[in-house]
Amino acid sequence: MKPGYPGGGAVQLEVNIASKVYTNAAGKRQEALAGFNFKLNEGEVGVFVGPSGCGKSTMLRIVVGLDPDYQGRVSRPAGAKIGMVFQEPRLLPWRSVEENVRLVAPHVDEATLSVLFGTLGLEAHRSHFPGELSLGLARRVALARAFAVEPDFLILDEPLASLDDALAARLRGQIATLVDSRTVTTLLVTHNVDDAVHLGDRLFFLSQRPSHVIAELPIGTPRTKRGPAEIQRIKTDIARLTLANL
Amino acid sequence: MLRLLSFTAFLAIWWGASLLAGGEKLPAPPIVLSAVVAEARSGALFFHLGVTLARVALAFILAMTLGSALGYLMGRVRLADRLGDPWLILLLHLPALVVIVLAYIWAGLTEVAAIAAIAINKLPTAVVTLREGTRTLDATLDEMVAVFAIPRWKAFRHVILPQLAPYLAAAARSGLSLVWKIVLVAELLGRPNGVGFEIGVAFQLFDIPLLLAYSLTFAALVLIIETALVQPIEARLSRWRRRAA
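Here is a short report on the structure shown in this document.

Cut-offs used in this document
Residues numbered from 1 in each chain as written. Chains lettered and ligands numbered in written order. Predicted model: local features only at pLDDT ≥ 70, side-chain atom pairs only at ≥ 80, totals over all residues. Helix = DSSP H or I, 4+ residues; strand = E, 2+ residues; numbered from the N terminus. Buried ≥ 20, exposed ≤ 12 C-beta atoms within 10 Å, placed from the backbone. Contact = placed C-beta atoms within 7 Å. Axes fitted to C-alpha atoms, helices over the stretch in contact; angles between N-to-C directions. Parallel < 35°, antiparallel > 145°, perpendicular 65-115°, else oblique. Left-handed = near helix turned anticlockwise from the far one by under 90°. Pairing = 2+ DSSP bridges.

Scanning chain A from N- to C-terminus turns up seven helices and nine strands. Dimensions of chain A along its principal axes, counting C-alpha atoms only, are 50 × 50 × 35 Å. The buried share of chain A, taken over its 246 residues, is 40%. Put simply, of all contacts in chain A between residues at least 6 apart along the chain, 75% involve residues at least 24 apart.

Before going further, it helps to spend a moment on the overall build of chain B. Counting secondary structure elements, chain B contains eleven helices and zero strands. Mapped in sequence order, the helices and strands of chain B form the string α-α-α-α-α-α-α-α-α-α-α. Considering only C-alpha atoms, chain B reaches an extent of 70 × 50 × 30 Å along its principal axes. Going through the 245 residues of chain B one by one, you find that 32% of them count as buried.

Another aspect to go through is the packing of helix H5 (residues 96-107) of chain B against helix H8 (residues 152-190) of chain B. Residues and elements named next belong to chain B. Following both chains from N to C, one finds H5 and H8 inclined at 40 degrees, their axes separated by 10 Å at the closest point. By the angle between their axes, H5 is oblique relative to H8. Here H5 and H8 pass one another in a crossing that is right-handed. From H5, Ala-96, Leu-97, Ile-100, Val-101 and Tyr-104 reach across to H8, where they touch Ile-182, Val-185, Ala-186, Leu-189 and Gly-190.

Moving on, we come to the interface of chain A and chain B. Taken together, the contact between chain A and chain B spans 16 residues of the former and 15 residues of the latter. At the level of elements, strand S5 (82-85) and helix H2 (97-104) of chain A are the ones that each hand at least two residues to the side of chain A that touches chain B.

Note that Phe203(B) resides in helix H9 (residues 195-205). Taking the C-alpha atoms as reference points, Phe203(B) and Ala28(B), 175 residues apart in sequence, are found 18 Å from one another.

With that out of the way, let us pick up the pairing of strand S9 (residues 213-218) of chain A. Residue and element names in this part refer to chain A. Here strand S8 (residues 202-206) pairs with S9 via five bridges, running antiparallel. Across the sheet, Phe-204 pairs through a bridge with Glu-216, a residue of S9. Between S8 and S9, which follow one another and run antiparallel, lie six residues.

Written out as structure tokens, the structure reads:
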């Protein structure tokens, strides 16, 4: 179990994006993010819930450093290791499942890898190429890859999108297991409230474009102790919050 | 099996044509074969084939290495592309003969001039192919590399190179056939040995069996290298594609 949870650690990530402006193909300038501010403590899972196209992925790209073209400031510890699951699995089709994972994590030992593949149900697929996998399996490989680097930050960009409900629920459980297996500050982006209430320590609700955080909801109950009643209670809180902010 | 059939058909057509045209202009297969055997016995055949092969290998490696590097640079860096493009167009359309003659004039009738001339002829096609390949590189994989902080060389080997493999193969393929064709011209014009030189001699003596003996053994050599070397490499590089569901 993870120590110092939730919100016990020091502030690990502080994001203040004053503005992010796009110029689209037609040459028109569009503001994607405006006054997008939040903080996450060490080991917390921050879940960002917002409508499609509200700029969630844009925010993630700025946080991980892929997009330097914005106004504002992102502070995270220097040299922090990042593990990321993109919206699409982004695996190398010419490398096997195991090679894909080992490429980003050359120092991972066999035992860690075994546990990881076991948790995600990938043992049988180690030597398969990504082209031979279903989307659900490829997503799990992307998760295995992100965890194999033993990240300080885990970034999950809609990791459960376009999976059927049963599969999404199972994968959600696997993500919860992995997140609780070590101290990792996590950013999860989703438009699904179920993902948020099952996985998050701190929920952020986002506005339409230009996007910013309109409401923040810390959840005190640990993930593993959230029964159906507790889940329902959180959902009621969310409904009240989002209504009040509309 | 099909290949054998195809080869037999080739021999049959040759023999038939020889009967129709007369042995003067087109000697029958046995006569050419005896010329091949005679040249092989004296060792001249292997010497000239070997010399030509060495020139092909050197020019090919030189042009592929330089061409791939330049093509990659031009595909990645816009400034390099704009600076290099006019040169590229010039080189692409410059006749092989012009390059060869100029090389011999400027650098003398030397080995360096011959190999450089052959390489320069092949260079622009390699550059163009690799530039196109580099332009198709998947930007989302570049982002993956950046986020996971994969070291540069490792990323090049495991992420970039496999994406360029089909383009490298295409450049090698078309480049090899180009080099095979040009090397003989370069030898004919300015070298004292090699298959091209021997063909020139045969032409001057009007020795058609000798001419065919060298041409056909050369063609056979190309065929062997193609099936024994180029095709297996291609198959290995695209192995992940074939297994894909």
